[in-house]
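Geometric and topological summary
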Amino acid sequence: MNDEMQSALWEENVPLMREGVHKTLRDRAYAAASPDRPVFPRREDVFTAMRLTSLAATKVVIIGQDPYFNEHPGIGPEAHGLAFSVRHGVPMPPSLRNILQEINNSLYNGEPVSCDTDLTRWAEQGVLLLNASLTVEKKKPNSHVSLGWHHLTDNIIETISQKKEGVVFMLWGAFAQKKAALIEESRHLILATSHPSPLSAHRGFLGSGIFVRCNEYLKKQGKDEIVW
């Protein structure tokens, strides 16, 4: 299935996307962008998560808060439309380092098997890497929090909960855990831990076995496990 068809399926099923709200928000986000005030990710990358992971293919949802707001000279922005992910060649953010550490410790006996910072491979297996806000200004965290993205992404989460069965929702940290109210827990699995940032990873994320528990649930559902 090509990118356009996958995106169209989201647009057919998510009420606010059916109304074109996502395109209005994208246009609003980049209206004031300039070389001095860049907006991340690049405009063409805003909906990458949904282009790579169709609604039909979604098995796991990982919810982030904001796109990465840093940019590296000669390399480009960290954000590329997938929560927690950075492209090859971009320095690894601390949260992603802790995510990969937990995967390698819990699934691969501490061996550095999962090292690729570009999480496209997860998205292509049905892991929707969804930030609550899909854009941000450079060096200004939460700068687009009032733009309206949260209404859209909440609607996406609600649609997945209502139209799918047996999806794993990973809610890392207090912000993501508020999204539990949008999810029908009787139909899905919610896995909540602390956030993987260095400030909180040791309060529950590291050692949680969250990726092992996710795969065990998928296997019981008769679904392919994620190769993390």
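Above this text sits the structure in question.
Summarised in this report is the structure supplied together with it. Source: prediction; values computed, not measured.

**Observations regarding the overall build of the chain**
A count of helical and extended segments in the chain gives nine helices and eight strands. Against the globule reference of 17 Å for 228 residues, the chain gives a C-alpha radius of gyration of 17 Å, in line with a compact fold. Dimensions of the chain along its principal axes, counting C-alpha atoms only, are 45 × 40 × 35 Å. A burial count over the chain gives 52% of its 228 residues as buried.

**Notes on the sheet that holds strand 7 (residues 168-172)**
The strand order across the open sheet formed by four strands is 5-2-7-8, and the pairing between neighbours is parallel. Each edge of the sheet is formed by a strand with only one pairing partner; in this case those strands are strand 5 (127-131) and strand 8 (189-193). Adjacent strand axes in the sheet meet at a mean angle of 20 degrees, parallel and antiparallel pairs treated alike. As paired elements, strand 2 (residues 60-64) and strand 5 share five bridges and run parallel to each other. Bridge pairing links I63 to L130 in strand 5. Across the sheet, helix 7 (residues 149-163) is in contact with strand 2, strand 5 and strand 7; its angle to strand 5 comes to roughly 155 degrees. Docked against the sheet, helix 9 (residues 210-220) engages strand 2, strand 7 and strand 8, running at close to 165 degrees with respect to strand 7.

**Concerning the pattern of salt bridges**
Counted according to the given criterion, the structure contains nine salt bridges. Its salt-bridge partner being R26, residue D27 comes within 3.6 Å of it at the nearest N-O pair. Judged by relative accessible area, which is 38%, D27 ranks as partly exposed. A salt bridge links R43 to D27; its shortest N-O distance comes to 2.5 Å. Taken together, the positions of R43 in the loop between strand 1 (39-40) and helix 4 (48-52) and D27 in helix 3 (residues 21-31) put the pair 16 residues apart, joining distant regions of the chain. For R43, a relative accessible area of 36% corresponds to the partly exposed category. Shared partners join several salt bridges into a network, and the residues in it are R26, D27 and R43.

**Considerations on the layout of surface pockets**
The calculated volume of the largest pocket comes to roughly 530 Å³. Among the elements of the structure, strand 2, helix 5 (94-107) and helix 8 (173-177) are those that each provide at least two residues to the lining of the largest pocket. The element best represented in the lining of the largest pocket is helix 8, accounting for four residues.

Calculation rules
Residues numbered from 1 in each chain as written. Predicted model: local features only at pLDDT ≥ 70, side-chain atom pairs only at ≥ 80, totals over all residues. Heavy atoms only, no water. Helix = DSSP H or I, 4+ residues; strand = E, 2+ residues; numbered from the N terminus. Rg over C-alpha atoms; globule rule 2.2 N^0.38 Å. Buried < 20%, exposed > 50% of the residue type's maximum accessible area, 1.4 Å probe, protein only. Pairing = 2+ DSSP bridges. Axes fitted to C-alpha atoms, helices over the stretch in contact; angles between N-to-C directions. Contact = heavy atoms within 4.5 Å. Salt bridge = Lys/Arg side-chain N within 4 Å of Asp/Glu carboxyl O. 1 Å grid on protein atoms, 1.4 Å probe; cavity = no way out; pocket = protein on both sides within 12 Å on 5 of 7 lines; lining within 4 Å. Points joined across faces, edges and corners; volume = space filled by probe spheres on them.

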